[in-house]
Every structure is written in C-alpha cells, then in structure tokens.
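# Residue-level structure breakdown
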Amino acid sequence: MAYSQFRYAVRLSLEGRPCIIVGGGRVALRKAVSLLDAGAAVTVIAPRLDDGFRTLGVAAPHLRFLERPYRAGDLKGAFLVIAATDRRDINHAVVEEALRLSCLVNAADDPSAGNFSVPGTYAAGAVRFSVSTGGNPRFTHLILGDLAKQYGPDFGAFSTYLDTMRDRVKELLPDPDSRRRFWRGILTDDLVEEIRQGRLEQIKERIANEIDHCRAQS
C-alpha cells in the first residue's frame, strides 16, 4: 500500500460542506463521527447501517441516510467522499466517480487509490497533532499515545488563553515588530517544559503582568 504521494499536509474547513460516505459499517461510522465533528453535512449511503448510526443520527441534524446500495451519480455535488464498504469493486467505483467529479476522495481499504489520506490525530483542546507512518496503524497508535502523555489538557488551555491575550497585545502594540518582540520574550524555549510541570497559572500570571507593564508604558 503506497502512501508516498501524500506529501502536502493541510487542514480543511468542512463547515456545512456536503460530504458523502459510501458504506455503513464500523469504519464508516468512525468516519461519520469525525466529519460531523468538523461541521460537515454528511450523507451515508449503504443498504445496511451499523446500529451506532441510529444513536448518532439522533444528535446529528446534519446527518442523513440513503439506505440502499451506491449508484453511479450519487456523488454529484459532493465536496468530499469516503469509500468505506467491505467490497473492493464498489470502493473502486466510488473513487473513480469522485475523481471524475474532482472531489476529494479517500478509500478506506486502499488510501493510495484516492487523492487524500487521513492521518491519525491527537487533540489537546486547540492543540492538534497529526501523525502519518506510511500506513502502519499500530505504529501510529503508539506515537499518538506518546503525544498524549507529553501534551496534556494544559497545553490546550494555554493555547485558548493565548488567543485571548493575543487580541489584547494587538491593541496595546499595533506595530507587528513590537508584538513579535513581546511574544519572543514570553514564549521562550523553557515554556513547554513549564506547562508540562503544571506551572500554567504561573505562566498566565507572568503574561498578564507583562501586558499590564506594556499598558502602563503606553
């Protein structure tokens, strides 16, 4: 299974985008959950659906089902397509149609057949890591587990805090060079280890004090 063609990493905005999953098993269910979490409008096409889809559908107004086999023409208007059936011939047909329509398409059983792959991900709030190991799920799982140990919830909380403080600093320091100097003085090489050691509140206090100092000088 070749993954060498996937060399350009991107993050997509799928809010409200029409996405189609062909297949109704556990793999399709996992794909549906991740797409819905990203805000996509998801259609699942399959003659039989995993029971998990019923539960998911109750809480997901942007999820709809076509409980029948895939048909040529089903992908018209789709932005992103995932082929996740247990039949290679159907997945191949889905990929072929999606490519003709210039859709983004991923085949769960053969990612190299499509034009994008889905890496393993770990998120600590707004801090997200993506891991691709060339198609070895177990190795990917091990790396993601290690990232989870190293970068806990405090990293996500600090990222959210920084977003708020960044707006305040922008008001105080309209000049981009001045802002860069400010953040270089705050976000030092020691910062990651300080967060890891549980010093988040002390770091936040330090940043707030520096902002107050800038305000007093302006």
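I will try to describe carefully the structure that is included in this document. Small disclaimer: the values here were computed from a predicted structure and weren't measured. (Residues numbered from 1 in each chain as written. Predicted model: local features only at pLDDT ≥ 70, side-chain atom pairs only at ≥ 80, totals over all residues. Heavy atoms only, no water.)

## Describing a nonpolar patch on the surface
For clarity, the threshold we go by: Within the patch definition used here, like charges are joined within 9 Å and nonpolar side chains (Val, Leu, Ile, Met, Phe, Trp, Tyr) within 5 Å, considering only residues with over 30% relative accessible area and no salt bridge. Reported accessibility uses the Shrake-Rupley method at a 1.4 Å probe radius. Residues are deemed covered only where the shown protein chains occlude them. Only one rule defines a salt bridge in this text: a Lys or Arg side-chain nitrogen within 4 Å of an Asp or Glu carboxyl oxygen. Runs of E in the DSSP output that reach at least two residues are strands. Runs of H or I that reach at least four are helices, and both are numbered from the N terminus. For the exposure calls, accessible area comes from a 1.4 Å probe over protein chains only, and a residue counts as buried if that area is under 20% of its type's maximum, exposed if over 50%, partly exposed in between.
Among the surface-exposed residues, Y8, V10 and L12 lie close enough to one another that they form a single nonpolar patch of about 370 Å² accessible area. Locating V10 in the fold gives a position in the segment before β1 (18–22). Taking relative accessible area as the criterion, V10 reaches 52% and is therefore assigned exposed.

## Focus on helix α6 (residues 176–186)
Residue pairs spaced three or four apart in an α-helix point in one direction, given the helix's 3.6 residues per turn. Convention followed: This arc describes the spread of directions from the helix axis toward the C-beta atoms. In this description, contact between two residues means that some pair of their heavy atoms is separated by no more than 4.5 Å.
Those residues of α6 that sit buried are R179, F182, W183 and I186. All buried residues of α6 lie within an arc of 90 degrees about the axis, which places them on one face of the element. Opposite the packed face of α6, turned more than 90 degrees from it, sit the exposed residues R181, R184 and G185. Residues of α6 that are buried make contact with α5 (153–172), α7 (191–196) and α8 (200–217).

## What about the pairing of strand β6 (residues 120–124)?
A regular strand places its side chains so that they alternate between the two faces of the sheet. Put simply, the rule reads: Should DSSP find at least two bridges between two strands, the strands are taken to pair.
Of the two faces of β6, the one lined by G120, Y122 and A124 is fully buried and the one lined by T121 and A123 carries no buried residue. As judged from the 5 bridges shared by β6 and strand β7 (residues 127–131), these two strands associate in the antiparallel manner. Considered in β7, the bridge of A123 is made with R128. Taken together, β6 and the strand that follows it, β7, pair antiparallel across an intervening segment of 2 residues, in which G125 is found at a positive phi of about 65 degrees.

## Some thoughts on unusual backbone geometry
In most cases, non-glycine residues show a negative phi, while peptide bonds are predominantly trans. Positive phi values are uncommon outside glycine, yet S102 reaches one of about 60 degrees. Of note, S102 is situated in the loop between α3 (88–100) and β5 (104–107).

## Brief notes about the side chain of K31
Formally: Counted as positive: Lys and Arg. Counted as negative: Asp and Glu, with His and the chain ends omitted from the count.
Structurally, K31 can be placed in helix α1 (residues 26–37). Buried charged residue K31 carries no salt bridge. Nearest counter-charge: D109, at 10 Å. In this view, K31 contacts I21, I82, N106 and V118; residues no more than four positions away in its chain are not counted.

## Side note on the pattern of salt bridges
Within the structure shown, the criterion is met by 12 salt bridges. Residue D109 is joined to R88 by a salt bridge in which the shortest nitrogen-to-oxygen separation is 2.7 Å. Taken together, the residues D109 in the loop between β5 and β6 and R88 in helix α3 connect sequence positions 21 residues apart.

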